[in-house]
Amino acid sequence: MNRRAAFALLRRPDLWWTGARQALRLAAPGWWKRGSHLPLPDEDYMHFRLVTQYGGEGQHASGTDLVQYLQWCRDERRRA
């Protein structure tokens, strides 16, 4: 997560649980066995998602995008 995304999420405590839930859902299988012991998504998967959304190398992700994504996840969970 880049700094802009982290700061955008810090300003939205109502989305922290949704962010934690999504981090665990997107985490690479066996994430707890790896060196960082953080539930990080697979790098190839994240690269694919960023390139398909932003094109090029996917370097244009913003904190606003993360907040909108987490709001969508929360809303969809509530609808289910």
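If you're wondering where the values come from, they're calculated on a predicted model, not measured in any experiment.

Conventions adopted
- Residues numbered from 1 in each chain as written.
- Predicted model: local features only at pLDDT ≥ 70, side-chain atom pairs only at ≥ 80, totals over all residues.
- Heavy atoms only, no water.
- Helix = DSSP H or I, 4+ residues; strand = E, 2+ residues; numbered from the N terminus.
- Buried < 20%, exposed > 50% of the residue type's maximum accessible area, 1.4 Å probe, protein only.
- Contact = heavy atoms within 4.5 Å.
- Core = buried A, V, L, I, M, F, W, Y, C linked by side-chain atoms within 4.5 Å.
- Salt bridge = Lys/Arg side-chain N within 4 Å of Asp/Glu carboxyl O.
- Axes fitted to C-alpha atoms, helices over the stretch in contact; angles between N-to-C directions.
- Parallel < 35°, antiparallel > 145°, perpendicular 65-115°, else oblique.

(A) Structural view of the side chain of Gln22. The topology assignment puts Gln22 in helix H2 (residues 16–26). The class of Gln22 is buried, set by a relative accessible area of 9%. Setting aside residues no more than four positions away along its own chain, Gln22 makes contact with Tyr69, Leu70 and Cys73.

(B) Quick peek at the nonpolar core. Residues Ala8, Leu9, Leu15, Val67 and Leu70 constitute the largest nonpolar core, which totals 5 residues. Among the secondary structure elements, those contributing two or more residues to this core are helix H1 (3–10) and helix H4 (63–79). When residues no more than four places from it in sequence are discounted, the contact partners of Leu70 are Leu9, Leu15, Thr18, Gly19 and Gln22.

(C) Spotlight on the pattern of salt bridges. Taken as a whole and assessed by the stated rule, the structure comprises 4 salt bridges. Ionic pairing is found between Arg12 and Asp14, a salt bridge with its closest N-O pair at 2.7 Å. The exposure class of Arg12 is partly exposed, given its relative accessible area of 23%. Taking the shortest distance from any N to any O, the salt bridge between Arg74 and Asp75 comes out at 3.9 Å. What you see here is one network of salt bridges that share partners, running through Arg12, Asp14, Arg74 and Asp75.

(D) Seen up close, the environment of Leu40. With respect to the helices and strands, Leu40 occurs in the loop between H2 and helix H3 (43–54). Sequence-distant contacts of Leu40, defined by excluding residues within four places in its chain, comprise Ala27 and Ala28.

(E) Region of interest: the packing of H2 against H4. Where H2 meets H4, the axes come as close as 10 Å, and the angle between the chain directions of the two elements is 90°. By the angle class used here, H2 and H4 are roughly perpendicular. Counting all contacts with H2, which are made through Thr18, Gly19, Arg21, Gln22, Arg25 and Leu26, the residues of H4 involved are Tyr69, Leu70, Cys73, Arg74 and Arg77.

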